Amino acid sequence: MQGGLHEGAEFRGKEVQWMSEIANRRIYYLAAVAMVAIVLISAIAVIRPPAIQTTGQNPAPKTIQVTGVGTVTAPPDQAVLVLAVQTQADSATQAAGDNAATMTKVIAALGGIGIDKNSIETMSYTLSPVYQNNPDQTMPSKIVGYAAVNTIQVTLQDFSLVGKAIDAAVSAGANVVQGIMFTFSTATLATLQKQALGQAIQDADGQARAMASGLGVSIVGPISVTPGYNFQPTYERLSASSQPTPIQPGTLQVTVTVQVAYEFA
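Rules of the game
- Residues numbered from 1 in each chain as written.
- Predicted model: local features only at pLDDT ≥ 70, side-chain atom pairs only at ≥ 80, totals over all residues.
- Heavy atoms only, no water.
- Helix = DSSP H or I, 4+ residues; strand = E, 2+ residues; numbered from the N terminus.
- Buried < 20%, exposed > 50% of the residue type's maximum accessible area, 1.4 Å probe, protein only.
- Areas by Shrake-Rupley, 256 points an atom, 1.4 Å probe, with all protein chains shown as cover.
- pLDDT = per-residue confidence, 0-100.
- Contact = heavy atoms within 4.5 Å.
- Core = buried A, V, L, I, M, F, W, Y, C linked by side-chain atoms within 4.5 Å.
- Salt bridge = Lys/Arg side-chain N within 4 Å of Asp/Glu carboxyl O.
- Axes fitted to C-alpha atoms, helices over the stretch in contact; angles between N-to-C directions.
- Parallel < 35°, antiparallel > 145°, perpendicular 65-115°, else oblique.
- Left-handed = near helix turned anticlockwise from the far one by under 90°.
- Nonpolar A, V, L, I, M, F, W, Y, C, P; charged D, E, K, R; others polar.

(A) Representation of the overall build of the protein chain in the model. Secondary structure summary: the protein chain contains four helices and eight strands in total. Sequence-ordered secondary structure for the protein chain, helices as α and strands as β, is α-β-β-α-β-β-α-β-α-β-β-β. Going through the 265 residues of the protein chain one by one, you find that 28% of them count as buried. Carbon and sulfur atoms provide 57% of the accessible area of the protein chain, an area that totals close to 17,400 Å².

So this is what it looks like as structure tokens:
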């Protein structure tokens with residue numbers, strides 16, 4: 001019995017010693033792993049090259065900013081005449097019919113002086129009721145008739161026909177002459193804008209080089225260019241009159257501005 005107890009105690013002692021050895025080995029293992037990790041982290045920190053700071057390495061270029069202006073003056077090569085026929089009748093049908101008959105005469109009169117029908121376009125057409133003014137606000141307004149308005153525009157390159165067109169249209173029944181606009185055709189305007197742009201760029205370049213010379217620096221070249229275009233046709237209001245209509249178109253201006261940033265060194 002005692003021999004069995006002695007053997008059991010001896011076994012438990014060995015078991016405790018064995019477990020202690022395992023615990024010690026685990027601690028040594030974890031310590032070794034930690035040491036290896038520290039060494040690796042240190043090695044990476046030493047080997048990895050320092051980060052390159054880009055701030056300040058590529059600074060923004062030094063610039064001179066100027067605004068150049070170019071202006072080209074030329075006589076217009078296109079006139080746009082706006083005419084209308086306005087009729088009023090008791091019924092919408094009658095107002096529209098009277099208007100159509102009169103506008104037909106107007107277009108025929110324009111063709112009779114040499115204006116091509118392709119140069120005549122309808123701008124707008126309205127047919128609306130005409131109300132009687134009622135001073136008593138409690139009563140609804142009363143329809144007393146209908147008005148039709150047909151508006152056309154006539155585009156002309158031959159300015160000698162402008163006055164004749166107005167006179168012929170009025171004689172044929174056109175009772176509204178809104179006015180005439182003098183402008184450039186699309187092709188002419190594009191050509192003039194290119195010329196004005198060239199002048200504006202030369203103006204900007206001269207300004208930039210003068211400034212650079214005064215500052216004692218050298219122009220490297222332009223880094224940005226922003227153009228702006230300005231053109232205003234002339235518009236003359238006219239009225240339907242039996243008197244001959246004198247027309248003098250004058251000249252028009254096309255202006256281009258450029259905002260240019262030049263790099264200097």
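(B) Geometry of the environment of Q248. Checked against the element boundaries, Q248 lands in the loop between β7 (234-236) and β8 (252-264). Linking Q248 and V162, residues 86 residues apart in sequence, is a C-alpha distance of 9.8 Å.

(C) Structural view of the confidence of the model for the protein chain. Across the protein chain, pLDDT averages 83, with 74% of residues at or above 70. Low pLDDT (under 50) marks residues 1-16, which in the prediction has zero contacts with non-local residues, meaning those over four places away or in another chain. Scored below 50 in pLDDT, residues 36-55 shows zero contacts in the model against residues more than four places distant or in partner chains.

(D) Highlighting the nonpolar core. Core analysis: the largest hydrophobic core is formed by 23 residues, its most contacted members being L81, V106, L110, I115, I152 and V154. Elements that contribute at least two residues to this core include exactly β2 (78-89), α2 (92-112), β4 (142-156), α3 (160-172) and β5 (176-183). Top element by residues in this core is α3. It accounts for seven residues. Leaving out residues up to four positions away in the same chain, L110 has contacts with I115, I120, I152, V154, A165 and A169. Counting residues in hydrophobic clusters, the runner-up holds 21 residues, among them I64, F184, A200 and L252.

(E) Inspection of the pattern of salt bridges at higher detail. Evaluated as defined, the whole model comprises one salt bridge. Measuring nitrogen to oxygen at the nearest pair gives 3.0 Å for the salt bridge that ties R209 to D205. Taken together, the residues span about one helical turn, with R209 and D205 both in helix α4 (residues 186-215) at a distance of four residues.

(F) Quick look at the packing of α2 against α3. Running from N to C, α2 and α3 cross one another at 150°; their axes reach a closest spacing of 8 Å. The orientation of α2 with respect to α3, classified from their angle, is roughly antiparallel. Both α2 and α3 take part in a crossing whose hand is right-handed. In this structure, α2 uses T102, K105, V106, A109 and L110 to contact α3, whose residues at the interface are A165, A168, A169 and A172. Looking at side-chain class alone, the contact of α2 with α3 contains seven nonpolar, one polar and one charged residues.

(G) The arrangement of the environment of G173 in detail. Of note, G173 is situated in the loop between α3 and β5. Given a relative accessible area of 28%, G173 falls into the partly exposed group. Distance from G173 to N99, taken between C-alpha atoms, is 9.5 Å for residues 74 residues apart in sequence. When residues no more than four places from it in sequence are discounted, the contact partners of G173 are V85, T102 and V106.

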